[in-house]
Amino acid sequence: MWTAIRAFALLCAFAVCAQAQSSCSETTHLGDRYTICTVKDAARIDLWLKDNTGAPFGEFDVIEQALRESGKTLEFAMNGGMYHDDRRAVGLFINDQGQQQTLMTREGPGNFGMLPNGVFCVAGDQAAVFESRSFAEGGPECRIATQSGPMLVIDGALHPRFLPDSPSRKWRNAVGVDANGVTYFAISDDPVRFHDFATLFRDVLKTPNALYLDGTISRLYAPDLGRSDRGAAMGPILGVVAEN
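Residues numbered from 1 in each chain as written. Predicted model: local features only at pLDDT ≥ 70, side-chain atom pairs only at ≥ 80, totals over all residues. Heavy atoms only, no water.

(A) Up close: the environment of Leu225. Looking at the element boundaries, Leu225 is found in the loop between strand S15 (220–222) and strand S16 (227–228). Judged by relative accessible area, which is 30%, Leu225 ranks as partly exposed. Residues Leu225 and Thr102, 123 residues apart in the sequence, show an inter-C-alpha distance of 35 Å. Every residue in contact with Leu225, bar those within four places of it in the chain, is listed here: Cys24, Ser25, Glu26 and Thr35. (Helix = DSSP H or I, 4+ residues; strand = E, 2+ residues; numbered from the N terminus. Buried < 20%, exposed > 50% of the residue type's maximum accessible area, 1.4 Å probe, protein only. Contact = heavy atoms within 4.5 Å.)

Here it is, written out as structure tokens:
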């Protein structure tokens, strides 16, 4: 079975070239409601944390306003990874302001440290999800990258610690990339188990690798659906940008 890195390297050989297109829609899986945002042009995916003054954006409307002033539109956005109390990213973080945090590959407490964890990377116009230790051995040069954990799907298999009857249900959001290079961002609209959320990516979205981004505080900005979820100030935020 191909590793994530081999799949990333060979993706252009069989990816379908498509014009920029993204959309969000609602679906149900195993009785739970989800919203899924589909991105065919990964070159438009961006990652935010701090503005040019060093202040965290924190909210969708702050990013939306900054983009509007530069002639761009925020199509959708959601939490982009875990963060500390001061909203610094927990693991690897790269965006247009450079690398702000380093890769973490050791086991640790909480969901982030539930190995294997992973990295969502956009290199050029291609996106991929990597297991963190594989990424450390030879990942690409990412335009944007955010590390989180745990992995939901690893080379087509569910994370080994997920239990189908787990009592732990929370609102969650995650990202995966299919074999054609289509990126799927999903957020649960009901509290869900890790196991059930992972099967959405493996069995429905058909992504060989998928990465959990955050939970409980997960929020979505999707104006086409009339959503701009409110809540605690966020750290990393992933989204898609369109030129006006």
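(B) Expanded view of unusual backbone geometry. Residue Pro116 is reached from Leu115 by a cis peptide bond, and omega for that bond is 0°. Examined against the element boundaries, Pro116 turns out to sit in the loop between strand S6 (98–101) and strand S7 (118–123). Residue Pro150 is reached from Gly149 by a cis peptide bond, and omega for that bond is 10°. In this fold, Pro150 is placed in the loop between strand S9 (144–148) and strand S10 (151–154). The residue Arg87 is not glycine, and still its phi comes out positive at about 75°. For Arg87, the location among the structural elements is in the loop between strand S4 (72–79) and strand S5 (93–95). What makes Arg87 partly exposed here is its relative accessible area of 23%. A positive phi is found at Lys206, a non-glycine position, where the angle reads about 60°. Turning to its location among the elements, Lys206 is positioned in the loop between helix H4 (194–204) and strand S14 (209–215).

(C) Local environment of the packing of aromatic side chains. Counting across every chain of the model gives 8 aromatic pairs. With a centroid separation of 5.6 Å and an interplanar angle of 65°, the aromatic rings of Phe76 and Phe185 are classed as edge-to-face. Note that Phe76 is positioned in strand S4 and Phe185 in strand S13 (residues 183–188), a separation of 109 residues in sequence. Overall, the relative accessible area of 0% leaves Phe185 in the buried class. Where Phe194 meets Tyr212, the ring centres are 4.7 Å apart and the plane angle is 80°; that geometry is what we call edge-to-face. Note that Phe194 is positioned in helix H4 and Tyr212 in strand S14, a separation of 18 residues in sequence. On the basis of relative accessibility, which here comes to 11%, the residue Phe194 falls in the buried class. Sitting over the face of the ring of Phe194, Arg172 holds its NZ or CZ atom 3.9 Å from the ring centroid. (Phe/Tyr/Trp six-rings, centres within 6.5 Å; stacked < 30°, edge-to-face > 60°. Lys NZ or Arg CZ within 6 Å of the ring centre and 35° of its normal.)

(D) View of H4. Along H4, 8 of the 11 residues are buried, which leaves the element largely enclosed by surrounding structure. For H4, the full list of buried residues reads Phe194, His195, Asp196, Phe197, Ala198, Thr199, Leu200 and Phe201. Looking at the residues trailing H4, positive phi occurs at Lys206, about 60°.

(E) Representation of the side chain of Asn117 within the structure. Looking at where Asn117 falls in the secondary structure, it is placed in the loop between S6 and S7. A polar contact is formed between the side chain of Asn117 and the side chain of Ser132, at a distance of 2.6 Å. For Asn117, the residues in contact, after removing those within four places along its chain, are Met104, Phe112, Phe130, Glu131, Ser132, Gln147, Ser148, Gly149, Pro150 and Met151. (Polar contact = N/O pair within 3.5 Å; in protein donor to acceptor, adjacent residues only side chain to side chain.)

(F) Molecular detail of the nonpolar core. In this structure, Ile45, Phe120, Phe185 and Leu238 are the most contacted members of the largest nonpolar core, which totals 28 residues. Apart from the residues lying within four places of it in its own chain, the contact partners of Ile45 are Val39, Phe120, Val122, Arg143, Ile144, Thr183, Phe185, Leu238, Gly239 and Val240. If you look at the next biggest cluster of nonpolar residues, it comprises 23 residues, including Met82, Phe201, Leu205 and Ala210. (Core = buried A, V, L, I, M, F, W, Y, C linked by side-chain atoms within 4.5 Å.)

(G) Spatial organisation of helix H2 (residues 60–69). Residues Phe60, Ile63 and Leu67 constitute the buried set of H2. Along the long axis of H2, the arc covered by the buried residues comes to 70°, so they all point the same way. The secondary structure elements touched by the buried residues of H2 are strand S3 (45–48), S4, S15, S16 and strand S17 (237–243). Where H2 ends, the next residue or the one after it, Gly71, has phi of about 80°, a positive value. (Arc of directions from axis to C-beta.)

(H) Quick peek at the state of the cysteines. All chains considered together, the criterion is met by 2 disulfides. In this model Cys24 forms its disulfide with Cys37; the gap between the sulfur atoms is 2.0 Å. Here the S-S torsion is close to 105°, and the disulfide linking Cys24 with Cys37 is therefore right-handed. With Cys24 in strand S1 (residues 22–29) and Cys37 in strand S2 (residues 32–39), the pair connects residues that are 13 residues apart, well separated along the chain. For the pair Cys24 and Cys37, one class covers both residues: buried. (Disulfide = S-S within 2.5 Å.)

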